[in-house]
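Summary of structural features
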Amino acid sequence: MTEQPQTHKPTGNEHQAEEQARVLRFPSERLNHDQTQAKAEAEAGAETQVIDGELVDDDRDQAAQVDQAQTEAGSSLIRREKREPVLPGWASSVEEFRETAKWAVSYAGHTLAFHAVRCPVYLARILIRVPQGTLRLLRGFLRWVTDAEGRPVRHAAADRADAAEYLRLSGQRDSRVRGRVYTTVGLGAAALAAFFLGREFLPEIVQYAIVAGALGTVGWLGAPADQPIASRAVEATKVPKLTSNAVEIALAALGISGINQAMGKGGEGIGFPKPISRDGKGWRADVDLPHGVTPGDIMDRREKLASGLRRPLGCVWPEADNGEHAGRLILWVGDQDMRKAKQPAWALRKGVRVDLFQPQPFGTDQRGRWVDLRLMFTSVAIGAIPRMGKTFALRELLLIAALDPRAELHTYDLKGTGDLDPLEKVTHAHGVGDDDEEIEKAISDLRKLRDELRRRAKLIRDLAKQGLAPENKVTPELAGKKSLGLHPIVIGVDECQVWFEHPDHGEEFEAICTDLVKRGPALGIIIMLATQRPDAKSLPTGISANVSTRFCLKVQGQTENDMVLGTSKYKQGVRATTFAWADKGIGYLVGEGSDAQIVRTVAGLDGPASEKVAAYARTLREQAGTLTGHAIGEAPEVDESVSKKDTLLEDILAVVGETEKKVWNERVIARLYELRPEVYGTYRESADLTAALKRHGIRTAQVWGTTDDNKGASRIGITHADIAQEVAERNRREGSG
Ligand SMILES: Nc1ncnc2c1ncn2[C@@H]1O[C@H](COP(=O)(O)OP(=O)(O)OP(=O)(O)O)[C@@H](O)[C@H]1O
């Protein structure tokens, strides 16, 4: 804690003195004072208000506050303003610039090739049209020499019998024709001279070029207007411009009473705070909705909006503008349907060594720009209704992880269809399906991961004391030191609800995964869970509340939406319910502290394409010597206590006599360990026994007991009668079964 500045309360006299001699500060001084105050407030605020959360770029925040204070405290001429970027989006994004340049080159190449192939046809067309062109040329020339354009006026004068006018016009015509005849004779003589000189002195190639040019011109003159010599290489498919009128018509068609009233007679209308403009490959309209109407209302009716705009659904993307007021809508209308638009090439498709500490390309936004995601220090939840691209998204993330040869993968495909099998060649632990053997393998693996989590936590604490882990988390340097064993561990689980709903191990899976989600990211363990049924059972609240990266493809309702994307996201207008059935691979991504954005995962990353990336990842691992476990055919060690019959209740009855009515958990655990250390060695805390008993339907509670030094205390414990009753009932059931 830093010391709070001491405040000095003025006495009565001091007050008076202050009143009489008020010191007026010069503006600059006032500024400094205000800045200091703003800084002090920022510091105090940071210290007193942040309860939970990540401190990001504190300096920048403060600088922004000080900047603002400066703007507000300075000259009255200084206005609050929002500056538009100097360069348009396409020019400031390397990716977009590259795309545009690529398009321009391919456009030019196509046009060139198209015309080159048709050259003989063009030549034939020219030759055919030369006579017609020559006739046109001669006709035009004669009309010019004979001043044909004045003929109708002269005829009119003759018809009116206006002799004076006729004579004036005829005189003018004669002198004009005379001048033009002289010019023609002069030019003809010059042309003849040029012809003979050219024949004599110009190289042959130039002579041919001149003849070809002359023929081309005459042929071009001979072509009818509707049949040009050259065919069109590119048909421009023009997308209609988005106009304010079109937006108004579409909004009015949504059946929202607030909009209808505003558009009616005497209504406030719909506001457009900025002109509708091009933004990426589409149009962007910023709209001020009528009072009381929110972007969420519009997003709920996306399909109707698309109909009103006469555009395909995949082109129409209404969004809330969280930086502005709650009635500001950003309507982005793409030139092409997002799901059909060609995605720029994924940089990792051919295999590249990646660093998980750096952001990696995950998907593209509506404008076709890559959206990066940093996997390190996150845990991920992916949710959607079936067949929307959840497994593709998870597999893509696992492939990214595989391309960092340091990362140890644990892949679980609980649906059992082999979607994650392309990763077999690189993964350390691999599970497919939900049969008992697989579940036993998985729980053993997770127990080891929990132990690893604890080992890492202790190690990081020790390293922090030595000043080697300044933020008490794994750094790239620490991850790179093999001897420390702090390499990234990435666990991917598809259809994770199978684990959490398991009748015997469900709670243990949940407890370990919750621990991994909460503590794993700082310790270099990343867990990614995908589910097609995002409810409290399949994505327990301890997990859904703590994951830091969320990707939600189409879901059916608000609950599922908020379960994956976070509380209140639906209310804030982040609605994965608005996606259409055909929006495969398109979802809302909420990354580390960033605003939700619509992202389409890498298209076409199917099984064979994934195999190729995984093959490259294997080569990287072979070079780095990091292939372990399943990838090199090692069979996983299964924790024997998992497959053995669970005799916990019988064992408790063996160590707790009938005379002991209630016993603290910690004492029961100590006795169980003495009885069978190989089975109960994993019970470390009272909560472990509580969790294990819960699976048998037995609850623990506060019970009274005495400590070793004979002091009475209330702690969590078991009741002998509960255990005995459950064992008796179980025996009866088994007997009757
Ligand atoms: N980015 C994408 N672009 C286009 N199509 C995609 C994209 N991602 C996935 N798909 C398509 O979506 C379909 C479903 O994908 P996937 O198997 O991942 O869905 P799922 O949600 O895991 O389904 P299930 O619930 O049955 O496991 C696939 O046929 C795939 O081709």
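Residues numbered from 1 in each chain as written. Predicted model: local features only at pLDDT ≥ 70, side-chain atom pairs only at ≥ 80, totals over all residues.

Looking up the chain in an unreviewed UniProt entry gives the name Cell division protein FtsK, with the organism given as Saccharopolyspora terrae.

1. Details of the overall build of the chain
Along its length, the chain carries 27 helices and 17 strands. For the chain, the share of sequence-separated contacts (at least 6 apart) that also reach a separation of at least 24 residues comes to 66%. (Helix = DSSP H or I, 4+ residues; strand = E, 2+ residues; numbered from the N terminus. Contact = placed C-beta atoms within 7 Å.)

2. So, the pairing of strand β10 (residues 489-494)
Put simply, side chains in a regular strand alternate between the two faces of the sheet. Within β10, six of the six residues are buried, which leaves the element mostly enclosed by the surrounding structure. The alternating pattern of β10 places I489, I491 and V493 on one face and V490, G492 and D494 on the opposite face, and all of these are buried. Inspection of the sheet shows strand β8 (residues 408-413) paired to β10 by six bridges, in the parallel sense. When the sheet's bridge partners are listed, T411 is paired in β10 with G492. Two strands pair when backbone bridges link them, and β10 and strand β11 (residues 525-531) are joined in this way by six bridges, in the parallel orientation. Counterpart to I489 in the pairing with β11 is I525. (Buried ≥ 20, exposed ≤ 12 C-beta atoms within 10 Å, placed from the backbone. Pairing = 2+ DSSP bridges.)

3. Here's the deal with the site of the ligand
Around the ligand lies a shell of 15 residues, among which P386, G389, K390, T391 and G585 are the nearest. Breaking the shell around the ligand down by element, the ones donating at least two residues are α14 (390-402) and β14 (597-601). Class assignment of the residues belonging to the shell around the ligand gives a composition of five nonpolar, five polar and five charged. (Near = placed C-beta within 6 Å. Nonpolar A, V, L, I, M, F, W, Y, C, P; charged D, E, K, R; others polar.)

4. Thoughts on the nonpolar core
In this structure, L398, A401 and A402 are the most contacted members of the largest nonpolar core, which totals 117 residues. Looking at which element gives the most residues to this core, the answer is α14, with nine residues. Both domains that meet at this core, namely domain 3 (244-334) and domain 4 (360-632), each give it at least three residues. If we ignore the near neighbours within four places in the chain, the residues touching A401 are L356, L375, A407, L409 and V490. Formed by 14 residues, the second largest nonpolar core is a distinct cluster that contains L648, W664, L693 and I718. (Core = buried A, V, L, I, M, F, W, Y, C linked by C-beta atoms within 7 Å. Domains from an automatic or database assignment.)

5. A short note on the sheet that holds strand β3 (residues 316-320)
With antiparallel pairing, four strands are arranged side by side in an open sheet as β1-β2-β4-β3. The strands lining the two open edges of the sheet, one partner per strand, are β1 (277-278) and β3. The sheet contact formed by strand β2 (residues 282-288) and strand β4 (residues 328-334) spans seven bridges and is antiparallel. Across the sheet, R284 pairs through a bridge with W332, a residue of β4. Contacting β3 and β4, helix α13 (residues 302-309) crosses the sheet at an angle of about 125° to β3. (Axes fitted to C-alpha atoms, helices over the stretch in contact; angles between N-to-C directions.)

6. As for the packing of helix α15 (residues 436-465) against helix α18 (residues 506-519)
Their axes nearest at 10 Å, the elements α15 and α18 cross at an angle of 35°. Crossing handedness for the pair α15 and α18: left-handed. Between α15 and α18, the residues in contact are I443, L446, L449, R450, L453 and A457 and E508, F509, I512, D515, L516 and R519, respectively. In terms of residue class, the contact of α15 with α18 is built from eight nonpolar, no polar and four charged. (Left-handed = near helix turned anticlockwise from the far one by under 90°.)

7. A short note on the environment of D174
Mapped onto the elements of the fold, D174 is located in helix α8 (residues 163-201). Looking at D174, the number of C-beta atoms within 10 Å reads 11, which means it is exposed. Taking C-alpha positions, D174 is 8.9 Å from D147, a pair spaced 27 residues apart along the chain.

8. Here we look at helix α26 (residues 686-694)
Of the residues making up α26, those classed as buried are L689, A692 and L693. All buried residues of α26 project into a common sector of 95° when viewed along the axis, lining one side. On its buried side, α26 packs onto α23 (648-655), α24 (665-675) and β17 (712-719). (Arc of directions from axis to C-beta.)

9. Remarks on the sheet that holds strand β16 (residues 701-706)
Taken in spatial order, the three strands make up an open sheet running β15-β17-β16, and their pairing is antiparallel. Across the chains shown, the open sheet's two edge strands, defined by having one partner strand only, are β15 (662-664) and β16. Adjacent strand axes in the sheet meet at a mean angle of 65°, parallel and antiparallel pairs treated alike. Here β16 runs beside β17; their pairing, made up of six bridges, is antiparallel. In the strand pairing of β17, V703 is matched with R715.

10. Section: the UniProt feature "binding site: ATP" (unreviewed entry) in the chain
In the numbering used here, UniProt assigns the "binding site: ATP" (unreviewed entry) feature to A384, I385, P386, R387, M388, G389, K390 and T391. The exposure class assigned to A384 is buried, which follows from the 28 C-beta atoms found within 10 Å. According to the C-beta neighbour criterion, P386 is exposed, with 11 such atoms within 10 Å. (UniProt positions renumbered as here; feature names shortened; annotations may be inferred.)

11. Re the environment of A401
Among the secondary structure elements, A401 is positioned in helix α14. Classification of A401 by C-beta neighbours within 10 Å gives buried; the count is 29. In this structure the C-alpha to C-alpha distance between A401 and M376, which are 25 residues apart in sequence, comes to 9.5 Å.

12. A closer look at the UniProt feature "coiled-coil region" (unreviewed entry) in the chain
Feature annotation in UniProt assigns "coiled-coil region" (unreviewed entry) to the following positions: residues 432-466. Helix makes up 86% of residues 432-466 and strand 3%. Its end C-alpha atoms lie 42 Å apart.

13. Things to note about the confidence of the model for the chain
Averaged over all residues, the pLDDT of the chain equals 84, while 86% of them reach at least 70. Scored below 50 in pLDDT, residues 1-72 shows 28 contacts in the model against residues more than four places distant or in partner chains. Interface predicted TM-score (ipTM) for the complex: 0.97; the corresponding pTM is 0.62. (pLDDT = per-residue confidence, 0-100.)

14. Brief notes about the packing of helix α7 (residues 151-159) against α8
Between α7 and α8, whose axes approach to 9 Å, the crossing angle comes to 155°. As far as their axial angle goes, α8 and α7 are roughly antiparallel. At the point where α7 passes α8, the crossing takes the left-handed sense. The residues of α8 that touch α7, namely those facing V153, R154, A157 and A158, are E165, Y166, L169, S170 and R173. Split into classes, the residues belonging to the contact of α7 with α8 amount to five nonpolar, one polar and three charged. (Parallel < 35°, antiparallel > 145°, perpendicular 65-115°, else oblique.)

15. Regarding α13
Inspection of α13 places L305, A306 and L309 among the buried residues, and these make up the whole buried set. Around the axis of α13, the buried residues are gathered within 100° of arc, so they sit on the same side. Contacts made by the buried residues of α13 are with α10 (244-252), α12 (295-299), β3 and β4. Of the residues one or two after α13, R310 is the one with positive phi, at around 60°.

16. Observations concerning the environment of A223
Inspection of the secondary structure assignment puts A223 in the loop between α9 (204-222) and α10. Judged by the 18 C-beta atoms lying within 10 Å of it, A223 falls in the partly exposed class. Taking the C-alpha atoms as reference, A223 lies 8.1 Å from I126; in sequence the two are 97 residues apart. Those residues within four positions of A223 in sequence are excluded, and the remaining contacts are R129, P228 and I229.

17. Focus: unusual backbone geometry
In the Ramachandran plot, A161 falls in the positive-phi region, its phi being about 60° despite a non-glycine side chain. With respect to the helices and strands, A161 occurs in the loop between α7 and α8. Judged by the 8 C-beta atoms lying within 10 Å of it, A161 is exposed. Positive phi outside glycine occurs at R387, with the angle close to 65°. Locating R387 in the fold gives a position in the loop between β7 (380-383) and α14.

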